[in-house]
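Listed below, chain by chain, are the residues.
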Amino acid sequence: MRQHYHEELDDINNCLVEMANTVGSAMSKATTALLDADIELANLVIQGDDHIDATRESIEQRCFTLLARQAPVATDLRTVTAAMRIISDLERMGDLAVHVAKLARMRFPEHAVPQELRPIFLEAGHVAESLVSQTAVVIAKLDVEAAVALEAEDDLMDQLHRQLFSELLSKEWPHGMEAAIDITLLGRYYERFADHAVSVARRVVYLVTGEREMHASAD
């Protein structure tokens, strides 16, 4: 019985890794749809959200079952509760990818992002992809050092977000209010995507160490 319990915990962890990879793929596709005005790809991201939601419900139900049947304590309890919180973050990341895809679809056949801002969103997409790839590693290996490094890389997304606002607040902004709103929303979607990746990393650190704060290791 105890062996089955730990096998179930391991399988839940594997499902979390798979879910992280899925939301990473969703944001990557959403970024491409946004920059290329690709409505078919945007629709693919939007339709795929049902699978992400179903995965969350499945993992959540398995966690509830473990809590009810096994009454875990100490590290085991942290493992189950951390998993339940991680799936919430991952589902929200999937939702943010959908928001990007929906905005791309709403502006089709036009491009939602002005030409001069495309490099910023291209870089934001790369940072988001890197962050979620690291998130999957953090979950799979329960790697505290990788978690700390992930939070440091989130600074890159914050810098891109500030860069966008500098462009929006410029007196020379030529694209009107509607485009300004679109860019504000898009910047927020990418920033929040990164924030949720950091949240997952922090939950893993708490699971492994029992501490709620991440600390860079000394050289």
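Since the structure is predicted, the reported quantities are computational estimates derived from the model, not experimental observations. (Residues numbered from 1 in each chain as written. Predicted model: local features only at pLDDT ≥ 70, side-chain atom pairs only at ≥ 80, totals over all residues. Heavy atoms only, no water.)

Asker: How do you make sense of the pattern of salt bridges when you look at a structure like this?
Answerer: In a structure, side chains of opposite charge can pair up when their charged atoms sit close to one another. According to the stated counting rule, one finds 11 salt bridges in the structure shown. Among the ionic pairs, arginine 107 bridges to glutamate 178, the shortest N-O distance being 3.6 Å. One end of the pair, arginine 107, is in helix H3 (residues 74-107); the other, glutamate 178, is in helix H6 (residues 176-209), with 71 residues separating them in the sequence. Ionic contacts of the salt-bridge type, sharing partners, join the residues Glu8, Asp11 and Arg62 into one network. (Salt bridge = Lys/Arg side-chain N within 4 Å of Asp/Glu carboxyl O. Helix = DSSP H or I, 4+ residues; strand = E, 2+ residues; numbered from the N terminus.)

Asker: Would you take a moment to explain the nonpolar core for this structure?
Answerer: A general tendency of soluble globular proteins is for nonpolar side chains to be buried together. Ranked by internal contacts, the top residues of the largest apolar core, which has 72 residues, are Leu34, Leu90, Phe121, Ile139, Ile183, Leu186 and Tyr190. Elements represented by at least two residues in this core include exactly helix H1 (2-36), helix H2 (39-70), H3, helix H4 (118-141), helix H5 (144-168) and H6. Aside from chain neighbours lying at most four places away, what touches leucine 186 is Leu34, Val100, Leu103, Val113 and Phe121. (Core = buried A, V, L, I, M, F, W, Y, C linked by side-chain atoms within 4.5 Å. Buried < 20%, exposed > 50% of the residue type's maximum accessible area, 1.4 Å probe, protein only. Contact = heavy atoms within 4.5 Å.)

Asker: I keep staring at unusual backbone geometry and nothing clicks. Help me out?
Answerer: Between phenylalanine 108 and the following residue, proline 109, the backbone shows a cis peptide bond with an omega angle of 10 degrees. With respect to the helices and strands, proline 109 occurs in the loop between H3 and H4. Not every positive phi belongs to a glycine, and alanine 37 is a case in point at roughly 50 degrees. Tracing the chain through its elements places alanine 37 in the loop between H1 and H2. With a relative accessible area of 10%, alanine 37 lands in the buried category. Positive phi values are uncommon outside glycine, yet leucine 142 reaches one of about 50 degrees. Topologically, leucine 142 is positioned in the loop between H4 and H5.

Asker: Looking at this structure, I do not really get the packing of H2 against H3. What am I missing?
Answerer: Helix-helix packing is characterised by the crossing angle of the two axes and by the distance between the axes. The contact between H2 and H3 brings their axes to 9 Å, and the two run at 165 degrees. Of the possible angle classes, the one that applies to H2 and H3 is roughly antiparallel. The handedness of the crossing between H2 and H3 is left-handed. Within the contact of H2 with H3, the residues separate by chemical class into 18 nonpolar, three polar and eight charged. (Axes fitted to C-alpha atoms, helices over the stretch in contact; angles between N-to-C directions. Parallel < 35°, antiparallel > 145°, perpendicular 65-115°, else oblique. Left-handed = near helix turned anticlockwise from the far one by under 90°. Nonpolar A, V, L, I, M, F, W, Y, C, P; charged D, E, K, R; others polar.)

Asker: Could you clarify how one ought to interpret the packing of H4 against H6 in this entry?
Answerer: Two elements in contact, H4 and H6, have axes whose closest approach is 10 Å; the angle formed by their N-to-C orientations is 15 degrees. Overall, the two elements H4 and H6 adopt an arrangement that is roughly parallel. Both H4 and H6 take part in a crossing whose hand is left-handed. For the pair H4 and H6, the contacting residues are Phe121, Ala124, Gly125, Ala128, Leu131, Val132, Thr135, Val138 and Ile139 in the first and Ile183, Leu186, Gly187, Tyr190, Phe193, Ala194, Ala197, Val200, Ala201 and Val204 in the second. Looking at side-chain class alone, the contact of H4 with H6 contains 16 nonpolar, three polar and no charged residues.

Asker: Where do I start with H5 in this structure?
Answerer: One turn of the α-helix equals 3.6 residues, which is why residues spaced by three or four share an orientation. A rise of 1.5 Å per residue sets the reference length of H5, with its 25 residues, at 36 Å; its end C-alpha atoms lie 37 Å apart and thus fit the reference within 8%. Among all positions in H5, only Ala146, Ala147, Val148, Leu150, Glu153, Asp154, Met157, Asp158, Leu160, His161, Leu164 and Leu168 are buried. Here the buried face of H5 lies against H4 and H6. The residue sitting at the N-terminus of H5 and contributing the capping side-chain oxygen is aspartate 143; that oxygen lies 3.1 Å from the backbone nitrogen of glutamate 145. (Expected span 1.5 Å × (residues − 1). Polar contact = N/O pair within 3.5 Å; in protein donor to acceptor, adjacent residues only side chain to side chain.)

Asker: Would you mind showing me how to read the packing of aromatic side chains here?
Answerer: Between two aromatic rings, the relevant description is the distance of the centres plus the angle of the planes. Scanning all chains against the criterion turns up one aromatic pair. The ring centre of tyrosine 206 lies 5.6 Å from the NZ or CZ of arginine 78, which sits over that ring. (Phe/Tyr/Trp six-rings, centres within 6.5 Å; stacked < 30°, edge-to-face > 60°. Lys NZ or Arg CZ within 6 Å of the ring centre and 35° of its normal.)

Asker: Please explain the state of the cysteines as it appears in this structure.
Answerer: Note on terminology: a disulfide is the covalent bond linking the sulfur atoms of two cysteines. Under the counting rule described, the total for this entry stands at zero disulfides. With no disulfide of its own, cysteine 15 lies closest to cysteine 63 among cysteine sulfurs, the gap being 9.8 Å. (Disulfide = S-S within 2.5 Å.)

Asker: Just to check I follow, could you spell out a nonpolar patch on the surface for this structure?
Answerer: Together, Met177, Ile181 and Leu185 make up an exposed nonpolar region whose accessible area comes to about 300 Å². Residue position: isoleucine 181 is located in helix H6. (Patch = residues over 30% accessible without salt bridge, like charges linked within 9 Å, V, L, I, M, F, W, Y side chains within 5 Å. Areas by Shrake-Rupley, 256 points an atom, 1.4 Å probe, with all protein chains shown as cover.)

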